[in-house]
Amino acid sequence: MKRALLVLAALTFTAAAAYADDASDKKADAKPAAAQQEPFKPDQVMTSGTVTAAGTSVDYQAVAGTLVVHPKGWDDVVDKDNKKNPDAVASMFYAAYFKKGAAPGTRPITFLYNGGPGSATVWLHMGAFGPKRVVTSDDSHTPAAPYKLIDNDSSLLDVSDLVFIDAPGAGFSRVAGKDKEKAFFGVDGDAYAFSQFIQQFLSKYGRWNSPKYLFGESYGTTRSAALINVLETEDNIDFNGVILLSQILNYSMSPDRPETNPGVDQPYMLALPTYAATAWYHHKLPGAPRADLPKFLGEVQHFAMGDYAAALQAGTALTAAQRNAIAIKLHNYTGLPVAYILKANLRINGGEFEKNLLDDTGMSTGRLDTRFSGPDLDPLSQRSDYDPQSAALSSAYVSAFNDYVRTQLNYGQDKTYIPSIRVGRDWNFQHQQPGARGPGRGAVNVLVDLANAMKYNPNLKVLLNAGYFDMATPYYQGVYEMRHLPIPQRLVPNVQFHFYQSGHMVYAHAPALKEMHDTVAAFINSTSNLNH
């Protein structure tokens, strides 16, 4: 159980795990005294390789290394040598790939990271856009080692240099010093650390005049919204684009236990299209099969924001006949029994849907990708006890990277790679929005940050990528968030959408990976200003 929760935290925010850890976890996660940590120093190892991406052969130089960053307010005059780490400090690991022979001003550069919070970036690196990727089963458990590592013909190296970054404390990144958790484990501290990393990287490798992009997945989209505002408005660095994968910018809309926030019904409405897509995939929809998934989901979206929204907003004023009519409609769109829907008061959260859709088979669907399914650990539980997709893929990704980084990037032979860190009890979800006098009191909402950056730089473009089968960050939640960005109407066309028949890790489905490569490559080519 502990391993399953650890892997799940590596990929996306889980409401229950993020706000509370039990006493045994606290004891197990005890940290060594800061005085035992030697001062961090930047390092790097260079290697070379070749990959054919989208039909283009790219000779590249790879650099694996670390840069050292400090929290906001650190004084480099008083403590420029960071002796004995009296103050918090982070050593951030990166793996960068540069096309050989390309002048920096003619070559875009993209900074990529996963989320968690507390996740390393092994997933995007080994599954999406790195020059190598691990082969995994499409919607079932990948067999144990040996795993197959292949040249990635969907790497983004055909259009952009790439920098995969591990967040402070995760992967090969480390934190040390007084109050290190307070300094780096939080929405604002994390965004500041990444902004410092990016500025150092641009200077170290002479990339200040390159077209620049952020690419974040899951909590990485939260980070991107906060980070782009810092980069644009505080650091005076205009970016060409922000690329979001599996977006969550307003946490009050998450389908993870929305029953704890009664009166806010958007999570149920916004998750419904994902329920319908999942039932479609597993052939659980009653009636005639629906051949056209996007068309079907358009119908579900209309119901979700129309009759279903009105019924939820009516609350206890809804009559028995009206309640029953909505329950029947929900049954037709989800495959769940009418009696169960009525018992749930028309409100089924994500975990309950995952547990109940395939309940007659003793299986639960995945959370990150509902195409996956696995045996119930507890057949009588209300919610799924683990994520079948995490269980199915994590070993392949982590094992393949640990071998690749040491044998091909020649880095980390004497180091331990940490796929994720448990930051639930330490992570500070309080966030100070632009223009606010202090941190907000409610759930994290960084829509204001992204909107502020877009208004500050009206040329900034945004691309949202999302999978239909993602229960962790439902695709229609991302649509709803983007439609509620506080931006002027003339900036609305700056936001683009693309949806895939895959899950949270869109790239885990090979056809979707190729489709996403082509979508992102076209976005970069159209916004890089290299052809103007």
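Everything numeric here is computed off the predicted structure, so don't read it as measured data.

**Q** What is the right way to look at the overall build of the protein chain in this model?
**A** A count of helical and extended segments in the protein chain gives 16 helices and 14 strands. Taken over the C-alpha trace, the protein chain has a radius of gyration of 23 Å; the compact-globule value for 532 residues is 24 Å, and the two agree within 12%. Each of the three principal axes of the protein chain carries a C-alpha extent, and together these read 70 × 50 × 50 Å. Expressed as a percentage of the 532 residues in the protein chain, the buried residues total 57%. Taking contacts inside the protein chain between residues at least 6 apart in sequence as the whole, the part at least 24 apart equals 74%. Distance from the positive charge centre (47 side chains) to the negative charge centre (51 side chains) of the protein chain: 2 Å.

**Q** How do you make sense of the environment of S160 when you look at a structure like this?
**A** Its place among the elements puts S160 in the loop between β6 (149-151) and β7 (161-165). The exposure class assigned to S160 is buried, which follows from its relative accessible area of 0%. Between the C-alpha atom of S160 and that of R107, which follows or precedes it by 53 residues, the distance is 6.2 Å. Setting aside its immediate chain neighbours within four residues, S160 contacts R107, P108, I109, T110 and I524. Of note is the side chain of S160, whose polar atom sits 2.8 Å from the side chain of T110.

**Q** Where do I start with the pairing of strand β14 (residues 495-500) in this structure?
**A** Note on strand geometry: in a regular strand, side chains alternate between the two faces of the sheet. Judged from the six bridges that link them, strand β13 (residues 461-467) and β14 form a sheet pairing that is parallel. Counted as the bridge partner of L463 is Q496 from β14. Handedness of the β13-helix α15 (residues 475-483)-β14 crossover: right-handed.

**Q** How do you make sense of the environment of D359 when you look at a structure like this?
**A** Here D359 is to be found in the loop between α12 (350-356) and β11 (363-365). D359 sits 231 residues away from A128 along the chain, and the two C-alpha atoms are 32 Å apart. Apart from the residues lying within four places of it in its own chain, the contact partners of D359 are D376 and P379.

**Q** Mind showing me how you'd approach the pattern of salt bridges here?
**A** A full pass over the atoms with the stated rule returns 17 salt bridges. A salt bridge links E234 to K72; its shortest N-O distance comes to 3.5 Å. Of this pair, E234 sits in helix α7 (residues 219-234) while K72 sits in the loop between β2 (56-69) and β3 (89-99), and the two are 162 residues apart along the sequence. The partner of D518 in a salt bridge is K514, and the shortest N-O contact between them spans 3.1 Å. Within this pair, D518 and its partner K514 are both found in helix α16 (residues 510-527), separated by four residues, close to a single helical turn.

**Q** Would you mind showing me how to read the packing of helix α9 (residues 293-314) against α15 here?
**A** Their axes nearest at 12 Å, the elements α9 and α15 cross at an angle of 60 degrees. In terms of axis orientation, α9 runs oblique to α15. Considering how the two elements wind past one another, α9 and α15 form a crossing that is right-handed. Residue-level inspection shows L297, Q301 and M305 of α9 in contact with α15, the latter providing Y475, Y476 and Y480.

**Q** Can you walk me through the nonpolar core in this structure?
**A** The tendency in soluble globular proteins is for nonpolar side chains to be buried as a group. In this structure, F111, F197 and F201 are the most contacted members of the largest nonpolar core, which totals 61 residues. Residue contributions to this core peak at eight residues, all from helix α6 (residues 187-204). Judged by nonpolar contacts, the second largest core, of 53 residues, contains Y60, F164, V405 and A521.

**Q** Help me understand the side chain of E354 in this model?
**A** Looking at the element boundaries, E354 is found in helix α12. Despite being buried, E354 has no salt bridge partner; R367 is the closest side chain of opposite charge, sitting 5.0 Å away. Setting aside its immediate chain neighbours within four residues, E354 contacts S364, T365, G366, R367, S384 and M471.

**Q** Quick question: what am I supposed to make of the confidence of the model for the protein chain here?
**A** As a note on interpretation, predicted positions should not be read in detail where pLDDT is low. Chain-level statistics for the protein chain give a pLDDT mean of 91 and a share of 91% at 70 or above. Here residues 1-36 scores under 50 on pLDDT; set against residues more than four positions off or in separate chains, the count is 72 contacts.

**Q** Would you mind going over the packing of aromatic side chains with me for this structure?
**A** Aromatic ring pairs are described here by two measures, namely the spacing of the ring centres and the angle between the planes. The tally for this structure, following the rule as stated, stands at 33 aromatic pairs. Taking the centre distance of 6.3 Å and the plane angle of 75 degrees together, the rings of Y94 and Y205 count as edge-to-face. You can see Y94 sitting in strand β3 and its partner Y205 sitting in the loop between α6 and β9 (212-217), a full 111 residues away along the chain. Look at Y94 and you get buried, because its relative accessible area is 0%. Here the aromatic residues Y94, F98, F111, F197, F201 and Y205 are joined through ring pairs into a cluster of three or more.

**Q** Help me understand the pairing of strand β10 (residues 241-245) in this model?
**A** In terms of residue burial, β10 counts as a mostly covered element, since five of its five residues are buried. Taking every second residue as pointing to the same face, both faces of β10 are buried, with G241, I243 and L245 on one and V242 and L244 on the other. Regarding topology, α7 serves as the crossover connection from β9 to the parallel β10, and that connection is right-handed.

**Q** Sorry if this is basic, but what is going on with unusual backbone geometry here?
**A** Excluding glycine, residues mostly have negative phi values, and the peptide bonds linking residues are mostly trans. A cis geometry characterises the amide bond from G116 onward to P117, with omega recorded as -5 degrees. Secondary-structure assignment places P117 in the loop between β4 (109-113) and α4 (122-129). Phi is positive for R257, which is not a glycine, with a value near 55 degrees. Looking at where R257 falls in the secondary structure, it is placed in the loop between β10 and α8 (266-281). Phi angles above zero are rare outside glycine, and H283 is one such case at about 60 degrees. Tracing the chain through its elements places H283 in the loop between α8 and α9. By relative accessible area, H283 is classed as exposed at 73%.

**Q** Help me out: how do you make sense of the packing of α8 against helix α10 (residues 320-334) in this one?
**A** Angle between the axes and distance between the axes are the two parameters that describe a pair of packed helices. Between α8 and α10, whose axes approach to 7 Å, the crossing angle comes to 50 degrees. One way to sum up the angle between α8 and α10 is to call them oblique. Mapping the contact onto sequence places L272, Y275, A276 and A279 in α8 and L330, Y333 and T334 in α10. Tallied by class, the residues present in the contact of α8 with α10 amount to six nonpolar, one polar and no charged.

**Q** Please clarify how the side chain of N465 should be interpreted in this entry.
**A** Within the secondary structure layout, N465 lies in strand β13. At a separation of 2.7 Å, a polar atom in the side chain of N465 contacts the side chain of Y500. Those residues in contact with N465 that sit more than four places away from it in its chain are I243, L244, L245, S246, H498, Y500, M516, T519 and V520.

Calculation rules
- Residues numbered from 1 in each chain as written.
- Predicted model: local features only at pLDDT ≥ 70, side-chain atom pairs only at ≥ 80, totals over all residues.
- Heavy atoms only, no water.
- Helix = DSSP H or I, 4+ residues; strand = E, 2+ residues; numbered from the N terminus.
- Rg over C-alpha atoms; globule rule 2.2 N^0.38 Å.
- Buried < 20%, exposed > 50% of the residue type's maximum accessible area, 1.4 Å probe, protein only.
- Contact = heavy atoms within 4.5 Å.
- Lys, Arg positive; Asp, Glu negative; His and termini not counted.
- Charge placed at Lys NZ, Arg CZ, Asp CG, Glu CD.
- Polar contact = N/O pair within 3.5 Å; in protein donor to acceptor, adjacent residues only side chain to side chain.
- Pairing = 2+ DSSP bridges.
- Right-handed = clockwise from strand over helix to strand, strands pointing away.
- Salt bridge = Lys/Arg side-chain N within 4 Å of Asp/Glu carboxyl O.
- Axes fitted to C-alpha atoms, helices over the stretch in contact; angles between N-to-C directions.
- Parallel < 35°, antiparallel > 145°, perpendicular 65-115°, else oblique.
- Left-handed = near helix turned anticlockwise from the far one by under 90°.
- Core = buried A, V, L, I, M, F, W, Y, C linked by side-chain atoms within 4.5 Å.
- pLDDT = per-residue confidence, 0-100.
- Phe/Tyr/Trp six-rings, centres within 6.5 Å; stacked < 30°, edge-to-face > 60°.
- Nonpolar A, V, L, I, M, F, W, Y, C, P; charged D, E, K, R; others polar.

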